[in-house]
Amino acid sequence: MNGYERTLAFLNNRAVDRPPFHPIIMRWAARQAGTPYRDFCLEPEAKCDAMIRCAVDFDLDWVTVMSDPWAEASAFGVEVAYPENDLPVDTGGHLPDAASAARLSPYNPLENMRCRNRLAELEVYRKRIGDRYFTVGWVEGPVAEYVDLRGASEASMDLLMEPENAARAMDVITESALVFIRLQVERGAHCIGIGDAFCSQIGPDLYRQFAFGRQKQLVDGIHAAGALAKLHICGNTSAILPEMIATGADIIDVDHLVPSMSGFAGLLAPHQVFSGKADPVSVIQDGSPEDIRQTVMRDFRDAGGRCIVSAGCEITPDTTPGNMHAFRKAVDAPETQ
Amino acid sequence: MDTILNKLTRCIEFGKTDKAAAWPPDMKDQDGADELALRALEEGHPPDQILDALIAGMEVVGRKFSENKIFVPQMLMSAKAMKAAMTHLKPAFESGAAKRKGTFVIGTVQGDLHDIGKNIVAMYIEGSGYEVVDLGVDVKPEQFLVEIDKHPGCVVGLSALLTTTMINMKRTVDVIRETHPKQVICVGGAPVSEKFCREISADFYSPDPQGAVAFLNRLAS
Ligand code: B12
């Protein structure tokens, strides 16, 4: 079975040789491949090359287009600097206030370099690996993107002080994301991830008010375009996991800060699975192979077997290749079969 | 009794900055922290007493945040209300008419741009009666040295949210200790732990602002 077949079979409740292995790698992938982070973010060939090499060397089942949150923000007008070997930084062009956020206009992904690159990455994947790996495109969710455009503190306060303006901006963000989704699926993405990490910080009421409906719209859009949907919110999402599941996303990411998946597994529809949830720092980076094995087994059990094996969020750059191999091996433990 | 100071406490608790503020909806058109702090001073309440009222509000906010009853947006609104009130108290502190308990110099370490947690800690500590010097994000070790020299006896707080910038936290501690071996430094941020704090020879770790305030209060007493 290849990574694509394994992932599809697992999602469809068909027999698999082992559960799929989908660790989120960005800075770690660049480091393993010796690729400067600027090139990783800006050169489709460089990113895809690093990702494919890691997928081969560490027997991952997927490849993604993830590197940093600034693609859509740059299309909306945020200025981003790309240090040679460090993370990109937003340097200006943010929305100065909620009133200007309300006047946000949709962007055309084909007119922005970062968005075009994402499409190019998916084309590289299609050309180089076809249907051998599960290929995942990406869009920022409504709340995360609003945070990228306004700044986290300002965005947070807008949700309370200027809810109508924030909501209007998020409608435009969602509308643009739907266009970007279709273009990514046309380029061969099997699945589109929605990254909306900040949702873990706003509490269940604001999540329902601002995020749930729009995330559901994105999931429906992804399905209508013919792909699968993944919803990524890291942090402690215990209070919103039922809604995250209710968006209908096929893969629901769960971070280690959620104490256990056991109370939520019963809410999954037959086509849905979790993906998670080892602590990237204390377990995957700093733990022993045995710690990693125990954690993977426990989480898999808690999820009633409906869990793609991954860490709660990005694999840290300092994680050793040895621990990554141990992580992959943990998927073979008899308890996960 | 609903005194002006009780009202002020409630404004901090619920994040009511000023009369015009739309949040919270059920306090619409009521005076906020801004107007009430000014009036309390005009009515002759000593600044220390007003500060106590603010601290009482902050304590409730901190507790609710720890218990997941409020979240980052509400916490930031309380911070904003606190700031609004503090603007009026500042002259009293600066003239010496009221006493601050000490100075806290805080920043997010070099390479790290996460500042929400740091901002919450800063406002919590300011709200607990300390002067806070906030150096912002991506702060080089040398910038801390400048502030330490300006504020002898201050406590330094370092925040980091990335495993890759925790190393810069260590470097910051090392650079500070080279010239200021006795400088008190406390650290925090999601990936930081008690163990890491000991490894880099910082003095104190707290997972939340309340712990940091308790630590500062112990030092100050
Ligand atoms: C918001 C956010 C962002 C925003 C930051 C906006 C801002 N102005 O802060 C943006 C979009 C810019 C961002 C960027 C990135 N982020 Co980010 N981000 C987050 C997120 C969603 C929330 C962080 C937050 O604000 N928490 C809320 C506050 C209140 O909590 P806190 O900071 O922990 O603070 C509390 C305590 O720790 C403590 N505390 C904090 N500081 C201090 C200091 C002292 C002295 C004390 C005593 C206590 C203390 O008190 C606070 C209040 O209780 C988290 C994921 C999540 N869901 O948790 C990821 C997360 C922190 N980000 C992460 C990553 C990887 C990134 C990027 C590298 C992504 C990328 N590839 O580009 C970049 C890095 C940019 C950079 N150079 O810093 C990772 C870090 C992983 C790791 N451990 O290394 C996280 C954990 C997501 C994940 N699971 O992978 N991010």
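What you see is a predicted model; the values in this text were computed from it and never measured. (Residues numbered from 1 in each chain as written. Chains lettered and ligands numbered in written order. Predicted model: local features only at pLDDT ≥ 70, side-chain atom pairs only at ≥ 80, totals over all residues. Heavy atoms only, no water.)

Draft legend 1. Representation of the overall build of chain A within the structure. Counting its regular elements, chain A contains 15 helices and 9 strands. A globule of 337 residues ought to have a C-alpha radius of gyration of about 20 Å, and chain A, at 19 Å, matches this closely. Per-residue burial over chain A gives 63% buried out of 337 residues. A total accessible area of about 11700 Å² is found for chain A, and carbon and sulfur atoms account for 51% of it. With 31 positive and 47 negative side-chain charges, chain A shows a separation of 5 Å between the mean positions of the two kinds. (Helix = DSSP H or I, 4+ residues; strand = E, 2+ residues; numbered from the N terminus. Rg over C-alpha atoms; globule rule 2.2 N^0.38 Å. Buried < 20%, exposed > 50% of the residue type's maximum accessible area, 1.4 Å probe, protein only. Areas by Shrake-Rupley, 256 points an atom, 1.4 Å probe, with all protein chains shown as cover. Lys, Arg positive; Asp, Glu negative; His and termini not counted. Charge placed at Lys NZ, Arg CZ, Asp CG, Glu CD.)

Draft legend 2. Up close: the coordination of the cobalt atom of the ligand. Of all protein atoms, H114 of chain B (NE2) alone acts as a donor to the cobalt atom of the ligand, lying 2.3 Å away. Along the chain, H114 of chain B falls in the loop between β1 (103-108) and α5 (116-126). (Donors = N, O, S within 2.8 Å, 3.2 Å for Na, K, Ca; no water.)

Draft legend 3. The arrangement of the domain arrangement of chain B in detail. Residue and element names in this part refer to chain B. Entries for chain B in the domain assignment read domain 1 (1-99) and domain 2 (100-221). The C-alpha centroid of domain 2 is placed 25 Å from the C-alpha centroid of domain 1. Taken together, the 18 residues of domain 1 in the interface contact 11 residues of domain 2. Summed over both sides, the interface between domain 1 and domain 2 buries roughly 1300 Å², with carbon and sulfur atoms accounting for 69% of that surface. Inspection of the region where domain 1 meets domain 2 yields 1 salt bridge. Between E126 and K90 there is a salt bridge; the shortest N-O distance is 3.7 Å. For the pair domain 1 and domain 2, the interface holds 2 residue pairs in polar contact (both at pLDDT 80 or more). Where the side of domain 1 that touches domain 2 is concerned, the elements lending two or more residues are α3 (47-66) and α4 (72-95). Taken together, the residues of the side of domain 1 that touches domain 2 break down into 12 nonpolar, 2 polar and 4 charged. (Domains from an automatic or database assignment. Contact = heavy atoms within 4.5 Å. Buried area = accessible area lost by both parts, 1.4 Å probe. Salt bridge = Lys/Arg side-chain N within 4 Å of Asp/Glu carboxyl O. Polar contact = N/O pair within 3.5 Å; in protein donor to acceptor, adjacent residues only side chain to side chain. Nonpolar A, V, L, I, M, F, W, Y, C, P; charged D, E, K, R; others polar.)

Draft legend 4. Region of the structure containing the site of the ligand. With respect to spatial proximity, 41 residues lie near the ligand, and among them C313 of chain A together with L113, H114, D115 and S159 of chain B are the closest. Site remark: the ligand is flanked by residues from chains A and B. One of the side-chain nitrogen or oxygen atoms of D112 of chain B is found 3.5 Å away from an oxygen atom of the ligand. Between the ligand and the protein, one listed contact pairs an oxygen atom with a backbone N or O atom of A190 of chain B at 3.4 Å. Of all the elements in the fold, those that place two or more residues in the shell around the ligand are α5, β3 (155-159), β4 (185-188) and α9 (209-220) of chain B. Per-class residue counts for the shell around the ligand are 22 nonpolar, 13 polar and 6 charged. (Near = heavy atom within 4 Å.)

Draft legend 5. Representation of the sheet that holds strand β4 (residues 134-140) of chain A in the model. Residue and element names in this part refer to chain A. Taken together, the 7 strands give an open sheet; going across it, the order is β1-β4-β5-β6-β7-β8-β9, and neighbouring strands pair in parallel fashion. Every interior strand has two partners, whereas the edge strands, β1 (62-64) and β9 (307-311), have only one. For this sheet, the mean angle separating the axes of adjacent strands, direction not counted, is 25°. Of the strand pairs in this sheet, β1 and β4 are connected by 3 bridges, and their pairing is parallel. Each residue of the ladder has a partner; that of W62, found in β4, is F134. Taken strand by strand, helix α1 (residues 3-11) contacts β4, β6 (228-232), β7 (251-254), β8 (273-278) and β9, and its axis lies near 70° from that of β4. (Pairing = 2+ DSSP bridges. Axes fitted to C-alpha atoms, helices over the stretch in contact; angles between N-to-C directions.)

Draft legend 6. Quick peek at helix α9 (residues 152-161) of chain A. Taken across its 10 residues, α9 of chain A has 7 buried, putting it largely inside the fold. Those residues of α9 of chain A that sit buried are S153, A155, S156, M157, D158, L159 and L160 of chain A. Among the structural elements, α6 (98-102), α8 (142-150), α10 (163-186) and α11 (203-225) of chain A together with α4 and α5 of chain B are those in contact with the buried residues of α9 of chain A.

Draft legend 7. Spotlight on the pairing of β8 of chain A. Residues and elements named next belong to chain A. With 6 of 6 residues buried, β8 is to be regarded as a mostly interior element. As defined by bridge partners, β7 adjoins β8 across 4 bridges and the pair is classed as parallel. The residue bridging D253 from the neighbouring strand is S275, located in β8. Alignment of β8 against β9, held across 5 bridges, turns out to be parallel. Bridging across to β9, K277 finds its partner in S310.

Draft legend 8. Molecular detail of the sheet that holds β4 of chain B. Residues and elements named next belong to chain B. Reading across the sheet, the 5 strands line up as β2-β1-β3-β4-β5 and stay open at both edges, with parallel pairing between neighbours. Across the chains shown, the open sheet's two edge strands, defined by having one partner strand only, are β2 (131-134) and β5 (204-205). Pairing of β3 with β4, which is carried by 4 bridges, proceeds in the parallel orientation. Bridge pairing links L158 to V187 in β4. Against the sheet, α5 engages β1, β2 and β3, with an angle of about 170° to β1.

Draft legend 9. Representation of unusual backbone geometry within the structure. Along the chain, G276 of chain A connects to K277 of chain A via a cis peptide bond; the corresponding omega equals -15°. Mapping K277 of chain A onto the fold places it in strand β8. The residue after W23 of chain B, namely P24 of chain B, is reached through a cis peptide bond having omega -10°. Residue placement: P24 of chain B occurs in the loop between α1 (4-14) and α2 (33-42). In this structure, N13 of chain A is a non-glycine residue whose phi angle is positive, near 60°. Relative to the helices and strands, N13 of chain A is located in the loop between α1 and α2 (27-33). Within the chain, S201 of chain B stands out as a residue other than glycine whose phi angle is a positive 60°. By the secondary structure assignment, S201 of chain B is in the loop between α8 (194-199) and β5.

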